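Each chain, letter by letter, is given below.
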Amino acid sequence: MNRIVTVNDKFQKGYTYELTAPPGKAFHPDFQPHLPPKELLALGIFGGCYMTDCRDEFPDSWFETAKLSPGKKDITLNFYGVDASLPLSVWQEKGWIHPDDPRGWFQWYCRYFMGRRMPEEDLRQIKRWKGIRRHAQAIRLNCPPGLGSCRPKQRQVLLHWAYDPRAL
């Protein structure tokens, strides 16, 4: 049975969408993220400031161990302790933001994970996700295996995009 979600947070008021797939399932075959949103939040992404005002939209379990920083970004909460994010204004200027997901890729991923499907936008975001793999290749080419301190910004970027850089 499909479910309608209504969003009322800092970025969206009265936005609704439909969940048509089961949470964490029925992903596009080209989209195989390594980590679910809950684990990404617990590891530390986006300086902890990403999901502080939209907890009602997602399962409570996502926030039990999430590293969050209400108010402002705290880079020490990031898994690699570095800032690997561009400001939202840059994402907006470059046209990377879809109006339904004003926070960007991770918001799309969280909603996709929960079961929202928007075929055209899903394909665009999956293409962008696949492009991030270049950072994993750079780590493989330039870092000894298992040395997590090598190229921490690239590792944090991969983490932001649901790739698991810890095994590189």
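For the structure, check the block above.
The structure contained in this document is the topic of the report that follows.

Some thoughts on the packing of aromatic side chains
Next, step 1: Evaluation of the coordinates by the stated rule reveals 23 aromatic pairs.
Next, step 2: Taken together, a centroid distance of 5.3 Å and an interplanar angle of 80 degrees make the contact between Tyr50 and Phe106 edge-to-face. With Tyr50 in the loop between helix H1 (37-43) and helix H2 (88-93) and Phe106 in helix H3 (residues 105-114), this residue pair connects regions lying 56 residues apart in the sequence. Phe106 shares its class with Tyr50; the two are buried.
Next, step 3: Aromatic pair Trp105 and Trp108: ring centres 6.0 Å apart, planes at 45 degrees, arrangement tilted. With Trp105 and Trp108 both in helix H3 and three residues apart, this pair spans about one turn of that helix. In this pair, the class of Trp105 matches that of Trp108, namely buried.

Things to note about the state of the cysteines
Next, step 1: Applying the stated criterion across every chain yields a total of one disulfide.
Next, step 2: Here Cys143 is linked by a disulfide to Cys150, with a sulfur-sulfur distance of 2.0 Å. Looking down the S-S bond of the Cys143 and Cys150 bridge, the torsion is -75 degrees, so its handedness is left-handed.
Next, step 3: Note on Cys54: no disulfide assigned, nearest cysteine sulfur contributed by Cys110 at a separation of 7.5 Å.

Looking at helix H5 (residues 133-142)
Next, step 1: For H5, the set of buried residues is His135, Ala136, Ala138 and Ile139. Down the axis of H5, the buried set is contained in an arc of 160 degrees. They therefore lie on one face. Those residues of H5 that are exposed and angled more than 90 degrees off the buried face are Arg134, Arg140 and Leu141.
Next, step 2: Packing partners of the buried residues in H5 comprise helix H6 (152-160).

Some words on the nonpolar core
Next, step 1: Counting 45 residues, the largest nonpolar core has Met51, Phe58, Trp62, Trp105, Phe106 and Tyr109 as the members making the most contacts within it.
Next, step 2: At eight residues, H3 tops the list of elements feeding residues into this core.
Next, step 3: In this structure, Met51 is in contact with Leu41, Phe58, Trp62, Phe63, Leu68, Phe106 and Cys110, ignoring residues within four places of it in sequence.

Quick notes on the packing of H5 against H6
Next, step 1: Taken N-terminus to C-terminus, the directions of H5 and H6 make an angle of 145 degrees; their axes are 9 Å apart at the nearest point. Considering the relative orientation of H5 and H6, their crossing is left-handed. Between H5 and H6, the contacting residues are His135, Ala136, Ala138 and Ile139 on the first element and Gln154, Arg155, Val157 and Leu158 on the second.
Next, step 2: Of the residues contributing to the contact of H5 with H6, the split by class is five nonpolar, two polar and one charged.

Overview of the environment of Leu40
Next, step 1: Note that Leu40 resides in helix H1.
Next, step 2: Setting aside residues up to four positions removed in sequence, Leu40 forms contacts with Leu35, Ile45, Phe106, Tyr109, Leu159 and Ala162.

Points about the pattern of salt bridges
Next, step 1: Summed over all chains, the structure comprises ten salt bridges.
Next, step 2: In this structure, the salt-bridge partner of Glu57 is Arg111, at a minimum N-O distance of 2.6 Å. Taken as a pair, Glu57 in the loop between H1 and H2 and Arg111 in helix H3 lie far apart in primary sequence, 54 residues in all.
Next, step 3: Residue classification places Arg111 among the buried positions, given a relative accessible area of 0%.
Next, step 4: Residue Asp164 pairs with Arg166 through a salt bridge whose shortest N-O separation is 2.8 Å.
Next, step 5: We classify Arg166 as partly exposed; its relative accessible area is 36%.

Definitions and limits used
Residues numbered from 1 in each chain as written. Predicted model: local features only at pLDDT ≥ 70, side-chain atom pairs only at ≥ 80, totals over all residues. Heavy atoms only, no water. Phe/Tyr/Trp six-rings, centres within 6.5 Å; stacked < 30°, edge-to-face > 60°. Helix = DSSP H or I, 4+ residues; strand = E, 2+ residues; numbered from the N terminus. Buried < 20%, exposed > 50% of the residue type's maximum accessible area, 1.4 Å probe, protein only. Disulfide = S-S within 2.5 Å. Arc of directions from axis to C-beta. Contact = heavy atoms within 4.5 Å. Core = buried A, V, L, I, M, F, W, Y, C linked by side-chain atoms within 4.5 Å. Axes fitted to C-alpha atoms, helices over the stretch in contact; angles between N-to-C directions. Left-handed = near helix turned anticlockwise from the far one by under 90°. Nonpolar A, V, L, I, M, F, W, Y, C, P; charged D, E, K, R; others polar. Salt bridge = Lys/Arg side-chain N within 4 Å of Asp/Glu carboxyl O.

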